[in-house]
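The residues making up each chain are set out below.
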Amino acid sequence: MESARIVGALTRYAGGDLDLAEDVAQEAVAEALEKWPRDGEPDNPVGWLLATARRRAIDAFRRRAARDQKYALLAEEDTDGGDGHLWDPDRIDDDVLSLMFVACHPVLSPEARVALTLRTVGGLSSEEIARAFLVPVPTIQARITRAKKTIAAARVPFEVPPADERRRRLGGVLSVLYVIFTEGSTATAGDNLLRKDLAYEALRLARTLAALLQKAGRPGEAEVFGLIALCELTASRFGARTGPDGEAILLEQQDRRRWDRSAIRRGLAALGQATAAGHGLGPYGLQAAIAACHASAGSVAETDWERIVLLYEALGRVAPSPIVELNRAVAVAMASGPAEALPLVDELVATDRLPGSHLLPTVRGELLLRLGRREEARAELELAARLCGNAREREVLLRKLEDQ
């Protein structure tokens, strides 16, 4: 539970050496597993782990170089006879915030940022991360190792960035959390539609980020609250999105009584905070506003699709992407009919904006079905099924094909 704070504090005292911080933290835990059952749990378990890990760090620096500057600094810290300096309540939250910004540093590839954030800030093991993203464990371990080496080689400082740089880099931190949540809310591959643990971890980290920024006197970050709102409102539908056997349930077939009203209230409150921050909603806030339209509707037919179209148009201006255009086309189809939406989708096909994605032929096939062009629709749905990496989404497509 305290892994991020422990690793963050140790990284600060190891002069930004994240690799060493993780190693000595693990060694301290191993020593605790040996000693605590025999000697009893200490009054301050976290303080004990930090003091033990610090001594391990000093030993490591001794082995590396007796005159190493880092060792001299740590050794001087150790002469005061106190163990409270690492676990300073006025510093520790900044350590976690620093750790988050380091793990999401732009010098790293997007894949490395995700893996390192889940490992160091989220506390997930390499095995858990690999299982979540359906990649081999050695691949995740290699990403994390390369990320640490890259951070060390780039001499990334272990600190909360100054205000101007923080604003520039906050988007990168949020994008990592967004990727983690998106993978949890609709898995790109595998046999499960949802990976709830991954989604809820992203939400926890987003709330942690908001709390740390608030405590550090940096409130009013609208997009942090926008992301929280998006995660809460999306997660509120998790209970209705799958059936007893894990099969996918489409929006129009979901039992909205199973939507989590507490999550909806939290999401709407966060959206209100994002709005109150001023300067207009950003990409996450706009997506949250779209999710709020669904959350406040009693059914698909009662949904304010015209407002959703407008929100997607705004999202397309601030964060243009082919996925946004495809989603806008879906909203246009719901608001004005499939004939209005099909040219928008055909434009994406003509410009090859989503190569290899099953989403484009899925939407096009659905629109063609609604227009009565069944043969063309069948060809699109067959293509979508071949391209789809998630077994549960593929089942939905195959059921549609069987119904033709």
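Numbering of residues starts from 1 in each chain and follows the order in which that chain's sequence is written. Given that this is a predicted model, residues contribute local features only at a pLDDT of at least 70 and side-chain atom pairs are listed and counted only at 80 or more, while totals for whole chains, interfaces and linings are drawn from all residues. To get the side-chain values, all heavy atoms of the structure are used, and hydrogens and water are removed first.

Before we go on, may I ask you to explain the pattern of salt bridges in this structure?
Where side chains of opposite charge bring their charged atoms close, a pairing between them can arise. Each reported salt bridge corresponds to a side-chain nitrogen of Lys or Arg within 4 Å of a carboxyl oxygen of Asp or Glu. Scanning the model with the defined rule gives 20 salt bridges in all. For Glu27, the salt bridge is made with Arg56, and the minimal N-O distance between the two is 3.7 Å. Separated by 29 residues along the polypeptide, Glu27 in helix α2 (residues 18-39) and Arg56 in helix α3 (residues 45-64) bring together distant segments of the chain. When a residue's accessible area, from a 1.4 Å probe over protein chains only, is under 20% of the maximum for its type it is buried; when over 50% it is exposed; and in between it is partly exposed. When its relative accessible area of 32% is taken as the criterion, Glu27 is described as partly exposed. Using a relative accessible area of 30% as the deciding quantity, one classes Arg56 as partly exposed. Glu376 is the partner of Arg373 in a salt bridge, and the nearest nitrogen-oxygen pair spans 2.8 Å. A run of H or I in DSSP counts as a helix once it spans at least four residues, and a run of E counts as a strand once it spans at least two, with each numbered from the N terminus.

Please explain the packing of aromatic side chains as it appears in this structure.
Ring geometry is summarised as follows: Phe, Tyr and Trp rings, the Trp one being its six-membered ring, pair when their centres sit within 6.5 Å, and such pairs are stacked at plane angles under 30 degrees, edge-to-face over 60 and tilted between the two. Scanning the model with the defined rule gives four aromatic pairs in all. Judged by centre distance (6.4 Å) and plane angle (15 degrees), the ring pair of Phe181 and Phe238 falls under stacked. You can see Phe181 sitting in helix α9 (residues 163-185) and its partner Phe238 sitting in helix α12 (residues 238-241), a full 57 residues away along the chain. On the basis of relative accessible area, Phe181 is assigned to the buried category, the value being 3%.

What should I look at first to understand the packing of helix α19 (residues 374-387) against helix α20 (residues 391-402) in this one?
For any two helices packed against each other, the geometry is given by the interaxial angle and the distance between the axes. Where α19 contacts α20, the axes come no closer than 9 Å and their chain directions differ by 155 degrees. When the axes of α19 and α20 are compared, the pair comes out roughly antiparallel. Where α19 crosses over α20, the two elements pack in a sense that is left-handed. Judged by residue contacts, Arg378, Leu381, Glu382, Ala384 and Ala385 of α19 engage Arg394, Leu397, Leu398, Lys400 and Leu401 from α20. Broken down by class, the residue content of the contact of α19 with α20 amounts to six nonpolar, no polar and four charged. Only C-alpha atoms enter the line fits that serve as axes; for helices the fit covers just the stretch in contact. Angles between N-to-C directions range over 0 to 180 degrees. An angle below 35 degrees is read as roughly parallel, one above 145 as roughly antiparallel, one from 65 to 115 as roughly perpendicular, and any other as oblique. Helix crossings get a hand from a simple test, with the near helix turned counterclockwise from the far one by less than a right angle marking a left-handed crossing and a clockwise turn marking a right-handed one. The contact criterion used throughout is that any non-hydrogen atoms of two residues lie within 4.5 Å. Gly is placed with the polar residues, together with every amino acid not listed as nonpolar (Ala, Val, Leu, Ile, Met, Phe, Trp, Tyr, Cys and Pro) or charged (Asp, Glu, Lys and Arg).

Help me understand the UniProt feature "domain: RNA polymerase sigma factor 70 region 4 type" (unreviewed entry) in the protein chain, please; the structure alone is not making it clear to me.
When the UniProt feature table is mapped onto this chain numbering, "domain: RNA polymerase sigma factor 70 region 4 type" (unreviewed entry) sits at residues 101-150. Between the end C-alpha atoms of residues 101-150 there is a gap of 14 Å, over a span that is 74% helix and 0% strand. UniProt positions are given in the numbering used here, feature names are shortened, and annotations may be inferred rather than shown by experiment.

Would you mind showing me how to read helix α18 (residues 359-370) here?
The periodicity of an α-helix, 3.6 residues per turn, causes residues three or four places apart in sequence to face the same way. In this model, α18 (12 residues) spans 17 Å end to end at C-alpha, consistent with the 16 Å of a helix rising 1.5 Å per residue. Most of α18 sits inside the fold, with nine of its 12 residues counted as buried. Among all positions of α18, only Leu360, Pro361, Thr362, Val363, Arg364, Gly365, Leu367, Leu368 and Leu369 are buried. Looking at the buried residues of α18, the elements they touch are α16 (322-336), α17 (338-350), α19 and α20. Phi for Gly372, located one or two positions after α18, is positive at around 80 degrees. Multiplying 1.5 Å by the residue count of a helix minus one yields the expected span of that helix.

Just to check I follow, could you spell out the environment of Leu326 for this structure?
Structurally, the position occupied by Leu326 is in helix α16. Its relative accessible area of 2% is what places Leu326 among the buried residues. Remark: the alpha-carbon pair of Leu326 and Leu359, spanning 33 residues in sequence, is separated by 8.4 Å. Each residue touching Leu326, except ones within four places of it in the same chain, is listed here: Val345, Leu348, Leu354, Leu359, Leu360 and Val363.

Can you walk me through the confidence of the model for the protein chain in this structure?
The predicted coordinates of low-pLDDT regions are not to be read in fine detail. Per residue, pLDDT captures the predictor's confidence, and it can take any value from 0 to 100. Per-residue confidence for the protein chain gives a mean pLDDT of 87, with 91% of residues at or over 70. Predicted confidence for residues 79-84 stays below pLDDT 50, and this span has four contacts to residues more than four positions away or in other chains.

Mind showing me how you'd approach the packing of helix α14 (residues 283-295) against helix α15 (residues 305-318) here?
Packing of α14 against α15 leaves a shortest axis separation of 9 Å and a crossing angle of 170 degrees. Between α14 and α15, the angle falls in the class roughly antiparallel. Each of Pro283, Leu286, Gln287, Ala289, Ile290, Cys293 and His294 in α14 lies in contact with α15, whose residues at this interface are Trp305, Arg307, Ile308, Leu311, Tyr312, Ala314, Leu315 and Val318.

Mind showing me how you'd approach helix α11 (residues 222-235) here?
Look at α11: 20 Å from first C-alpha to last across 14 residues, which is about the 20 Å you get at 1.5 Å a residue. α11 sits mainly inside the fold: 14 of its 14 residues count as buried.

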